[in-house]
Amino acid sequence: MFSKILIANRGEIAVRIIKTCRRMGIKTVVVYSEADADSMAVEMADEAVFIGGAPASESYLVQDKIVDAVRQTRAEAVHPGFGFLSENASFARRLAAEGIVFIGPNPHAIEAMGDKIESKKFAAKANVSVVPGHVGEIDDTAHAVKISEEIGYPVMIKASAGGGGKGIRVAWNRKDVEEGFPAVRAEAKASFGDDRIFIEKFIESPRHVEIQVLGDKHGNVVHLFERECSIQRRNQKVIEEAPSPLLDEQTRKAMGDQAVALAKAVQYDSAGTVEFVAGQDKSFFFLEMNTRLQVEHPVTEMITGVDLVEQMIRSAYGEKLPFAQKDLKINGWAMESRIYAEDPYRGFLPSIGRLVRYSPPPEGDTPYGFVRNDAGVREGDEISMFYDPMISKLSTWGKTRDAAIDAMGRALEDFHIEGLGQNIPFLAAVMDQKRFRSGKLSTNYIKDEFPDGFQGLPPTDAQRDLMSAVALAMHRVLTRRASPDLLRDDWIVVVGHDHRAVKLQADNGDISVTCDGKTARLEAIDWRPGRPVFRGRFEGQDFAVAVKPAAEGFVIRHRATTLHVLVLSPRSAELHRMLPPKKAADTSKMVLSPMPGLVVSIDVAAGQAVRTGEVVAVLEAMKMQNILRAERDGTVKAVSVKAGDSVAADEVLVEFA
């Protein structure tokens, strides 16, 4: 077995690989950029080599620097993780020429299947069902429009070397192609160094189901069943699960057999994923093959018990697969939620910054299920604008799908992050939705369920009772410390316009709350002033809520519901009713930067008449280009920034008269 492996990657996947190498007794080397000098991966690895500036084009994508680091540390093999050079055939060949083992598939397989254009050609020759589309290269925007109209709208414009949701646009008409094609080409060039684009028919209400395959250098290939990855936002996977609630045994076998046949055709000899677009009728079409480890691999590991990183290493070393297809079985159900640095309340825009607080749930067996959290960050680390905004991958396992969903909901309650926007409330909302629990999914799920964006969920009666009790408990602790003479048992709890008279009784640290003749009990209270999370047991159910003091009362969040709760004496409540409501600032005549980023272009000038929907500016963040459009007709009064400027969230870009 290898004695030392270099990991040509960063973040959580670097940490993930280190953990398996430690268990196998293999030493590790990580390379790092300026932005990652103090990273968790650098701290955990046996050795670390600096390879350049923060942009990936100056560090993680530079083959010479990776090879030099291997020579310097005398590593025997390179694990590329995912992204960066993981699907680069020239890199695999370069390593082979240097006598270094590439822990991934052979270069031929990468070229045949890793390139989205070539993979479709190859699949068609192998009689694999493919989505209708144009698999040749596209010259320019006019050519893209011509092809799109021949295929018929809607179409998907996609970077050939793409991945991670970057370099993808759905075009519903000619205008979308004219705007989207150059944007996709720019993203592809910036992210992958390859601006080739292909176009295919976009299948409406599809499901995204993928098969995990694993091969060795002796001609053996197996599949480890499927993952459903239909919950996507901007073509970026958000929630994955294994197995899929769509498939029956017959469809599962057919899809698995097709994936294995395709892998064997290219002598596939590592971990890879064959992706399919599936109809609600269980029909399926080959989409692409990712010739690398997938971000969502933990859910497959949790239902099969197979460590995919370990098997990649053993295959690269020349060992045979230790199992055959008949030895593999599905055990239970696994769910994965990607925790992103983004603001779900503002259209899921990136929200970079420092993790002022980072407190994930406990891992392993818990009272509510098995929990795993794959992360490459710690409290105090910074989520950089130069890389993917994923903070961690939270996975849960249960004997049934409902059990895995319930475990995920509770684990998300126990996950607390401060310092930047994050999508935990949104993930919790999905877990609580009847449609999600029913398994009736599609890649349009988020658009269908949240057509006007995500603004949280209204409280249920149970949540209102829970958060009122939490506010009363916190108020009692603070009052006892500051002014014990003001303690009383009759209070008014104010939530919005709702005033509820309650009676409070304390008993050995627990409290009972009586309202409208009904009494509820809050027990096992775990909170003290300053803590951002309040834990306890309400009416026999364990819970965790995020809490923080407000100008008046407390802001409390339980899953996807946030309430501002006040605890007042009857007289204070009477006076509070007389306060005039606060008016929000009028920003209707301004175009604000929705995120920190770089101004790519300003498309208007002072004095220019602009109509609703016209492009005002283009911003880049996390390598994604975001088009800002006018939300009203008007005349531009002032432009505050220019192309090349860095801007903060909510900074005024353009003001209308």
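Residues numbered from 1 in each chain as written. Predicted model: local features only at pLDDT ≥ 70, side-chain atom pairs only at ≥ 80, totals over all residues. Heavy atoms only, no water.

1. Some points on the overall build of the chain
Put simply, the rule is: The secondary structure listing takes helices from DSSP runs of H or I that are at least 4 residues long and strands from runs of E that are at least 2 residues long, numbered from the N terminus. Throughout, radius of gyration means the C-alpha value; the globule benchmark is 2.2 Å times the number of residues raised to the power 0.38. The classification of residues rests on relative accessible area computed with a 1.4 Å probe and restricted to protein chains. Under 20% of the type maximum is buried, over 50% is exposed, and intermediate values are partly exposed.
What the chain contains, in helices and strands, is 17 helices and 40 strands. The C-alpha radius of gyration of the chain comes to 27 Å, within 12% of the 26 Å expected for a compact globule of 657 residues. Overall size of the chain, expressed as C-alpha extent along the three principal axes, is 80 × 65 × 55 Å. The burial tally for the chain puts 56% of its 657 residues in the buried class.

2. Considering the sheet that holds strand 1 (residues 4-7)
Here is the rule: Only when DSSP finds a minimum of two bridges between them are two strands counted as paired. We call two residues in contact whenever any of their non-hydrogen atoms come within 4.5 Å of each other. Simply put, an axis is a line fit to the C-alpha atoms, just over the touching stretch for a helix, and the angle between two N-to-C directions goes from 0 to 180 degrees.
Spatially, the five strands line up as an open sheet ordered 3-2-1-4-5, and their pairing is parallel. Looking at which strands have only one partner, the edges of the open sheet turn out to be strand 3 (47-52) and strand 5 (101-102). Two elements, strand 1 and strand 4 (residues 77-79), share three bridges in a ladder whose sense is parallel. In the strand pairing of strand 4, Ile 7 is matched with His 79. In the packing of helix 1 (residues 11-24) onto the sheet, contacts are made with strand 1, strand 2 (27-33) and strand 4, and the angle to strand 1 comes to roughly 170°.

3. Overview of unusual backbone geometry
In this structure, Pro 154 follows Tyr 153 across a cis peptide bond, with omega equal to 0°. Inspection of the secondary structure assignment puts Pro 154 in the loop between helix 7 (141-151) and strand 7 (155-163). With a phi angle near 70°, Phe 225 is a residue other than glycine that sits in the positive phi range. Along the chain, Phe 225 falls in strand 11 (residues 221-233). Taking the relative accessible area as the measure of exposure, Phe 225 reaches 9% and is therefore buried. The backbone of Lys 282 sits at a positive phi, close to 75°, despite the residue not being glycine. Residue placement: Lys 282 occurs in the loop between strand 13 (271-278) and strand 14 (284-290).

4. Description of helix 10 (residues 297-304)
For helix 10, the buried fraction is high: eight of the eight residues fall into the buried class. All of the buried residues in helix 10 are His 297, Pro 298, Val 299, Thr 300, Glu 301, Met 302, Ile 303 and Thr 304. Where helix 10 ends, the next residue or the one after it, Gly 305, has phi of about 80°, a positive value.

5. Some thoughts on the packing of helix 1 against helix 11 (residues 308-317)
As a reminder of what qualifies: When an angle is under 35 degrees it counts as roughly parallel; over 145 it counts as roughly antiparallel; between 65 and 115 it counts as roughly perpendicular; any other value is oblique. Two helices crossing with the near one rotated counterclockwise from the far one by less than a right angle form a left-handed crossing, whereas a clockwise rotation gives a right-handed crossing.
One can describe the packing of helix 1 onto helix 11 by two numbers: an axis separation of 9 Å at closest approach and a directional angle of 65°. The angle between helix 1 and helix 11 places the two elements in the roughly perpendicular class. For the crossing formed where helix 1 meets helix 11, the hand is right-handed. Contacts between helix 1 and helix 11 involve Arg 16, Ile 17, Thr 20, Cys 21, Arg 23 and Met 24 from the former and Leu 308, Val 309, Glu 310, Ile 313 and Arg 314 from the latter.

6. Here's the deal with the nonpolar core
For the record, the criterion: Nine residue types can take part in a nonpolar core, namely buried Ala, Val, Leu, Ile, Met, Phe, Trp, Tyr and Cys, and a core is a set of them joined through side-chain atoms within 4.5 Å.
If you look at the biggest cluster of nonpolar residues, it comprises 62 residues, and the most contacted ones within it are Ile 5, Leu 6, Val 31, Ile 66, Val 78, Leu 214 and Ile 313. Among the elements that make up this core, the one with the highest residue count is helix 1 (seven residues). Beyond its immediate sequence surroundings of up to four residues, Val 78 is in contact with Leu 6, Ala 8, Val 70, Phe 91, Leu 95, Ile 100, Val 101, Phe 102 and Ile 103.

7. Remarks on the sheet that holds strand 36 (residues 615-621)
Across the sheet, which stays open at both edges, the four strands sit in the order 37-36-34-39 with antiparallel pairing between neighbours. Unpaired on one side and paired on the other, strand 37 (624-629) and strand 39 (646-647) mark the two borders of the sheet. By the bridge criterion, six bridges tie strand 36 to strand 37 in an arrangement that is antiparallel. Among the inter-strand pairings, Ala 621 is bridged to a residue of strand 37, identified as Met 624.

8. Notes on the pattern of salt bridges
In plain terms, the rule: Each salt bridge in this description consists of a side-chain nitrogen of Lys or Arg and a carboxyl oxygen of Asp or Glu lying within 4 Å of one another.
What the rule picks out here adds up to 66 salt bridges. The salt bridge involving Lys 253 is made with Asp 257; its shortest N-O contact spans 2.7 Å. In this pair, Lys 253 and Asp 257 are both assigned in helix 9 (residues 249-265), four residues apart and thus about one turn of the helix distant. Among the ionic pairs, Arg 521 bridges to Asp 510, the shortest N-O distance being 3.7 Å. Note that Arg 521 is positioned in strand 28 (residues 518-526) and Asp 510 in strand 27 (residues 510-515), a separation of 11 residues in sequence. By sharing partners, the salt bridges in this structure join Arg 16, Arg 23, Glu 301, Asp 307, Glu 310, Arg 314, Glu 319, Arg 372 and Asp 374 into a single network.

9. A short note on the packing of helix 5 (residues 107-114) against helix 6 (residues 116-125)
In plain terms, the rule: Residues are sorted three ways: Asp, Glu, Lys and Arg are charged, Ala, Val, Leu, Ile, Met, Phe, Trp, Tyr, Cys and Pro are nonpolar, and all the rest, Gly among them, are polar.
Viewed as axis vectors pointing N to C, helix 5 and helix 6 meet at an angle of 90°, and their least axial separation amounts to 5 Å. As the angle between them shows, helix 5 and helix 6 are arranged roughly perpendicular. Facing helix 5, whose interface residues are Glu 111, Ala 112, Met 113 and Gly 114, helix 6 presents Lys 116, Glu 118, Ser 119 and Phe 122. Of the residues in the contact of helix 5 with helix 6, the class split is three nonpolar, two polar and three charged.

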